Amino acid sequence: LDAERLLVTPTGVRKDELSPDDLVLLRPDHDPRAARSASGLAPTSDLAIHLAIHAVRPDIVAVAHAHLPASMALTLAGEVPDPSALPETAFHLPRLPFVPFAPMGSDELAARIAAALTEAPDPLPHAVLLERHGAVAVGNSPDHAVDRLELIEVLCRTWRDALLVRAARQAVGPAAIL
């Protein structure tokens, strides 16, 4: 919301089932883990990520994190898609750093993400791909950050499909695929 207040989703509630009273208003200069929503819910278990990003990137307004199925599958298989492969991701996400696995909710994971989002050169990255944990995107509004997450999932689905087509061609030959 501003330099002194953050609004975060609660832990353990599906995002499509949230009401305004479920959102947690917190102040980073207080004990943010002790904050509760009007309905009594605790802040997201990934709170450390949000706090670390806001601390190092005062230029952003919103942080979005999602467990994107295709991104998790690719990184589980050891694949890291290149955003330059698609025109839209090349334009909107020219850099997509890969963050190695660390336990969810940990200060270690938060520090790795914050470091990746501040790594030179300019322009700074707008998103990161997390090993086995989805992705995190930042933006000047929640919609902007979520749009970037959607781009990552499009990239990962396309990358996955290309791998499958390539494997099928190798297995049965190009003529059988057509």
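These numbers were taken from a predicted model, which means no experiment stands behind them.

Enquirer: Would you mind going over the layout of surface pockets with me for this structure?
Expert: Space left empty within the atom packing is revealed by a probe, the size of a water molecule, rolled over the atoms. In this structure, the largest pocket occupies an estimated 800 Å³ of space. Together, 29 residues line the largest pocket, and Thr9, Lys15, His50, Val63 and Ala64 are the ones closest to its centre. Those elements that provide at least two residues to the lining of the largest pocket are β1 (6–8), α1 (47–56), β3 (62–66) and α5 (142–172). The element best represented in the lining of the largest pocket is β3, accounting for 5 residues.

Enquirer: I tried to follow the sheet that holds strand β6 (residues 134–139) on my own but got confused; where do I start?
Expert: Backbone-to-backbone hydrogen bonds pair the strands of a sheet. The strands run either parallel or antiparallel. Judged by pairing direction, the sheet is mixed, and its 4 strands sit side by side in the order β3-β6-β5-β4 without closing on themselves. Of all the strands in the sheet, just β3 and β4 (98–99) have a single pairing partner and so form its edges. As judged from the 5 bridges shared by β3 and β6, these two strands associate in the antiparallel manner. In the strand pairing of β6, Ala64 is matched with Ala137. Contacts from helix α2 (residues 69–76) reach β4, β5 (127–130) and β6 within the one sheet, and its direction differs from that of β5 by about 55 degrees.

Enquirer: Would you mind showing me how to read the packing of α2 against α5 here?
Expert: Angle between the axes and distance between the axes: these two values describe a pair of packed helices. Their axes nearest at 8 Å, the elements α2 and α5 cross at an angle of 50 degrees. Classified by the interaxial angle, the pair formed by α2 and α5 is oblique. In terms of crossing hand, the pair formed by α2 and α5 is left-handed. Contact residues: α2 offers Pro69, Ala70, Ser71 and Leu74, while α5 offers Glu153, Cys156, Arg157, Trp159, Arg160 and Leu163. Residue composition of the contact of α2 with α5, grouped by class: 6 nonpolar, 1 polar and 3 charged.

Each value, and the rule that gives it
Residues numbered from 1 in each chain as written. Predicted model: local features only at pLDDT ≥ 70, side-chain atom pairs only at ≥ 80, totals over all residues. Heavy atoms only, no water. 1 Å grid on protein atoms, 1.4 Å probe; cavity = no way out; pocket = protein on both sides within 12 Å on 5 of 7 lines; lining within 4 Å. Points joined across faces, edges and corners; volume = space filled by probe spheres on them. Helix = DSSP H or I, 4+ residues; strand = E, 2+ residues; numbered from the N terminus. Pairing = 2+ DSSP bridges. Contact = heavy atoms within 4.5 Å. Axes fitted to C-alpha atoms, helices over the stretch in contact; angles between N-to-C directions. Parallel < 35°, antiparallel > 145°, perpendicular 65-115°, else oblique. Left-handed = near helix turned anticlockwise from the far one by under 90°. Nonpolar A, V, L, I, M, F, W, Y, C, P; charged D, E, K, R; others polar.

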